[in-house]
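For reference, the chains in residue letters:
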Amino acid sequence: MPRRVLSLLLCLGGLCLAVLLLGRNAWAEERTLLDLPRLESLALSGHPLIQAARSRQDRAEAKLAEARSGFGPKLDAGVAGVRVQDAPQTLALDPVTGKTVAVVPLGYRETYKAALTLTQVLYSGGSLTANRKAAEFGVQTAEAEGERTVQAVLHHVRSAFYAHQRAAARKTVALQALDLAKQHLQKVQAFHRAGVVAKNEVLRVQVAVSNAELDLIRANSAVAQAWTACERAVGAPLSQDRYVLPPPEATPPVYAVPQDPVSLAETRRPELKGLASARNQALQVAEAAAGQGRPHLSFQGEANVTDNGFWPTEQDDYRLALNLQWRFFDFGETEAKVRQGKAAAQELLHQLDDLRIQVRQEVIEATQRLEEGRARVEVAHTQVTLAEEDYRMALKRYEAQVGTNLDVLDARVALNNSRTQLVDAVYDTAGAISNLRYALGEPVLEGERVQEKRETGDGAFSH
């Protein structure tokens, strides 16, 4: 009986363990693969900087609506109440004798007035028109800033993604180096037990294994930090229980550099458009200030009811008026505002010239780095192939005892360095592509994501 109970308990324990393992595998399979287009879509859907840019655009559009409202009529409703110590009155005099014959009331001790007032600006000296145009240029500036914000966010997402893939590829290289070091250690230990090699050779390889383990620890830490950087770039937490990034590639993305990229950037870059709009806005602000010194003509109509009760109903009246106002002297206030607007426009013009120079420099540097990266990738692939063959030959020579342990260690270090250089070349090239796209001001259509193709190569960093 106890044996049956024990067997039953063992079966139940095994069943529970199997369920847990199967469940763990199922949870792992349910994780969503986050490739670069999906990361970009996540950033577009809710990044705080993009939301802030949209709010700035909404604010600029509200300012435009406010400026346009200045052309329309204003209708005000008001109720006023006045109480005086004595009711206003006057004396009626006899024209012959000059004696008082009556007391004539002129109002109430408590007077209440309800009125509707319509006001319409007929001419504002150009101020309203200039304010509206300034607000329109403000909307254009906000739109340009918002577009550049989206481009910056996507650039940071690409940079963080490539940084993570670089870290993951370096981790693969570190695992390969550790595996080779352990295999070599087993052979050296076997030679030592057979009395073929001395103890110091075993110790030397053990040190190499320890160095490889330290490199792997650093690589794991770099991968974890790069994942956190991806979360920051996307603007949202990315649970590793829910998401997984694709394995690193051994070749950079394909990207065709456009002809005359500098001229293309000058037509695309939102900052150039934004600065041009901001300059026009400053000029219109100056024009609006100048309009304050010109004649202003407005119409005002009022219908009112006056009585000594809170809701007056007895004495109704209306008033129509044309108001012409022209400020001849304001102690230089208008002139100062005009000078401020023109100076701001001139400042933005100089900033625009400087930005054109900066754009040219950014495009040229990104193009040169891309060309450099592509050349490095080709050389690095060849270097890895040669280093692998050199390590294979050094290991064979050592196994035949016609080569030294130092030859194997040196060959393995060279192989590890060549693989690391290939990783850096690939992701430096990928980063250069992202930098060039950002420098060109490449437009991004929301919802339109294109999966990046890859050049033909050796696949992932696993060979």
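Residues numbered from 1 in each chain as written. Predicted model: local features only at pLDDT ≥ 70, side-chain atom pairs only at ≥ 80, totals over all residues. Heavy atoms only, no water.

Turning to the packing of aromatic side chains, a few remarks are in order. Ring pairs (aromatic) are described by centroid distance and by the angle formed between their planes. Considering all chains together, one arrives at three aromatic pairs under this definition. Between the aromatic rings of Tyr162 and Tyr427, the centroid separation amounts to 6.4 Å while the plane-to-plane angle is 45 degrees, which identifies the pairing as tilted. Taken together, the residues Tyr162 in helix α4 (residues 127-193) and Tyr427 in helix α9 (residues 405-440) connect sequence positions 265 residues apart. Neither residue differs from the other here; Tyr162 and Tyr427 are each classed as buried. Of the aromatic side chains, those joined through ring pairs into one cluster are Phe161, Tyr162 and Tyr427. The ring of Tyr438 carries the charged tip of Arg148 above its face, separated from the ring centre by 3.7 Å. (Phe/Tyr/Trp six-rings, centres within 6.5 Å; stacked < 30°, edge-to-face > 60°. Helix = DSSP H or I, 4+ residues; strand = E, 2+ residues; numbered from the N terminus. Buried < 20%, exposed > 50% of the residue type's maximum accessible area, 1.4 Å probe, protein only. Lys NZ or Arg CZ within 6 Å of the ring centre and 35° of its normal.)

Here the focus is the pattern of salt bridges. Under the criterion given, the structure shown has 18 salt bridges. Here Arg166 ties to Asp428 by a salt bridge, and the two come within 2.7 Å at their closest N and O atoms. On the criterion of sequence distance, the pair formed by Arg166 in helix α4 and Asp428 in helix α9 is long-range, its members being 262 residues apart. The class of Arg166 is partly exposed, set by a relative accessible area of 22%. Between Arg376 and Asp428 there is a salt bridge, with the nearest N and O atoms lying 3.0 Å from each other. In this pair, Arg376 sits in helix α8 (residues 333-399) while Asp428 sits in helix α9, placing the two residues 52 residues apart along the sequence. Exposure remark for Arg376: the relative accessible area of 30% places this residue in the partly exposed category. (Salt bridge = Lys/Arg side-chain N within 4 Å of Asp/Glu carboxyl O.)

A few words now on helix α3 (residues 48-69). In a regular helix each residue adds 1.5 Å, so 22 residues correspond to 32 Å; α3 covers 31 Å between its end C-alpha atoms and thus fits that length. Those residues of α3 that sit buried are Ile50, Ala53, Ala60, Leu64 and Ala67. For α3, the arc enclosing every buried residue in end-on projection is 90 degrees, short of the 170-degree limit, so these residues lie on one face. Exposed residues on α3 whose side chains face more than 90 degrees from its buried face are Arg59 and Glu66. (Expected span 1.5 Å × (residues − 1). Arc of directions from axis to C-beta.)

On to the side chain of Gln284, then. Mapping Gln284 onto the fold places it in helix α7 (residues 270-291). When its relative accessible area of 17% is taken as the criterion, Gln284 is described as buried.

So, on to the packing of α4 against helix α5 (residues 199-234). Interaxial distance between α4 and α5 falls to 8 Å at its minimum, and their mutual angle equals 165 degrees. By the criterion of interaxial angle, the relationship of α4 to α5 is roughly antiparallel. Handedness of the α4/α5 crossing: left-handed. (Axes fitted to C-alpha atoms, helices over the stretch in contact; angles between N-to-C directions. Parallel < 35°, antiparallel > 145°, perpendicular 65-115°, else oblique. Left-handed = near helix turned anticlockwise from the far one by under 90°.)

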